[in-house]
Amino acid sequence: NQKANQAQQQKNAAQAEVEDLKTELTGLLSDITLLEEDIKYKDSQIQQAQSDYDDALVREKEQYEAMKKRIRYMYEKGDTEYLDVLLKVKSMSDLLNKSEYISDIYDYDRKKLEEYQQTKMEVAAYKEQLQNDKDEMEGMQIEYKGQQQTLENTIAKKRSQIADFPVSGCKESGSSLYPDHRKEK
């Protein structure tokens, strides 16, 4: 009877351990699933950031080329074009129109320079965001691998414990109903 009680206690302890294991494995699988979802989301963010960065680089290059052409034109023609425009005026209203035209050109050039500077800042911001996203993704992948390793270690540990679990029964009239499979240590 004492051996039967002992066997029942071992069985209860084993069942409690199995329940603990189920809970632990469920938690680990849940963590892994959440990490997989986070990784997929972060991957889509990285793709969007890469697209934004590439678009900004193209825009920056186009603006740079346009500014280069404008500067080359201004260098080749010099300020004499503005002077020629002003010297060829026929009336005071023509002078005002031509000076407004020159002012508009100056404003346009200034606006394009500011747009170029803004684009350069956007490119830098996109590049930084992209790098941050990639770093965060790398950290998530390391955490994911760690969770997978923890899960594999837990499963291996529990398999080992199950293999070492003693199966013993009560002895009645000198015969063993359950053979004793405990390993000697």
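Up top is the structure these notes are about.
Thresholds applied
- Residues numbered from 1 in each chain as written.
- Predicted model: local features only at pLDDT ≥ 70, side-chain atom pairs only at ≥ 80, totals over all residues.
- Heavy atoms only, no water.
- Helix = DSSP H or I, 4+ residues; strand = E, 2+ residues; numbered from the N terminus.
- Buried < 20%, exposed > 50% of the residue type's maximum accessible area, 1.4 Å probe, protein only.
- Contact = heavy atoms within 4.5 Å.
- Areas by Shrake-Rupley, 256 points an atom, 1.4 Å probe, with all protein chains shown as cover.
- Patch = residues over 30% accessible without salt bridge, like charges linked within 9 Å, V, L, I, M, F, W, Y side chains within 5 Å.
- Salt bridge = Lys/Arg side-chain N within 4 Å of Asp/Glu carboxyl O.
- Lys, Arg positive; Asp, Glu negative; His and termini not counted.
- Charge placed at Lys NZ, Arg CZ, Asp CG, Glu CD.
- Core = buried A, V, L, I, M, F, W, Y, C linked by side-chain atoms within 4.5 Å.
- Phe/Tyr/Trp six-rings, centres within 6.5 Å; stacked < 30°, edge-to-face > 60°.

### Considerations on the overall build of the protein chain
Part 1 of the reasoning: A tally of regular secondary structure across the protein chain gives three helices and two strands.
Part 2 of the reasoning: Counted from the first residue to the last, the protein chain has its helices and strands arranged as α-α-α-β-β.
Part 3 of the reasoning: Buried positions account for 18% of the 185 residues belonging to the protein chain.
Part 4 of the reasoning: Pairs at least 24 residues apart make up 75% of the contacts formed inside the protein chain by residues separated by at least 6 positions.
Part 5 of the reasoning: Per element, the accessible surface of the protein chain, about 14,400 Å² overall, is 52% carbon and sulfur.

### As for the side chain of Gln147
Part 1 of the reasoning: In this fold, Gln147 is placed in helix H3 (residues 92–164).
Part 2 of the reasoning: When sequence neighbours within four positions are dropped, the list of residues in contact with Gln147 reads Leu28, Asp31, Ile32 and Leu35.

### Things to note about a negative patch on the surface
Part 1 of the reasoning: Taken together, the side chains of Asp31, Glu36, Glu37, Asp38 and Glu143 define an acidic patch exposed on the protein surface.
Part 2 of the reasoning: For Glu37, the position within the fold is in helix H1 (residues 2–77).

### Focus on the nonpolar core
Part 1 of the reasoning: Within the largest apolar cluster, 16 residues are counted, with the highest numbers of intra-cluster contacts made by Ile39, Leu130, Tyr144 and Leu151.
Part 2 of the reasoning: Going through the elements one at a time, H1 and H3 are the ones with two or more residues in this core.
Part 3 of the reasoning: At ten residues, the largest contribution of residues to this core is made by H1.
Part 4 of the reasoning: Residues contacting Leu130, with those up to four places away along its chain left out, are Ile46, Ala49, Gln50 and Tyr53.

### Quick look at the environment of Thr26
Part 1 of the reasoning: Counting through the fold element by element, Thr26 comes out in helix H1.
Part 2 of the reasoning: Through-space distance from the C-alpha of Thr26 to that of Leu151 is 9.8 Å; in sequence the pair is 125 residues apart.

### Side note on the packing of aromatic side chains
Part 1 of the reasoning: Taken as a whole and judged by the stated rule, the model has one aromatic pair.
Part 2 of the reasoning: On the numbers, 6.1 Å between centres and 35° between planes, the contact of Tyr64 with Tyr116 is tilted. One end of the pair, Tyr64, is in helix H1; the other, Tyr116, is in helix H3, with 52 residues separating them in the sequence.
Part 3 of the reasoning: Assessed through its relative accessible area of 40%, Tyr64 is described here as partly exposed.

What is shown is where atoms sit, not what they do.
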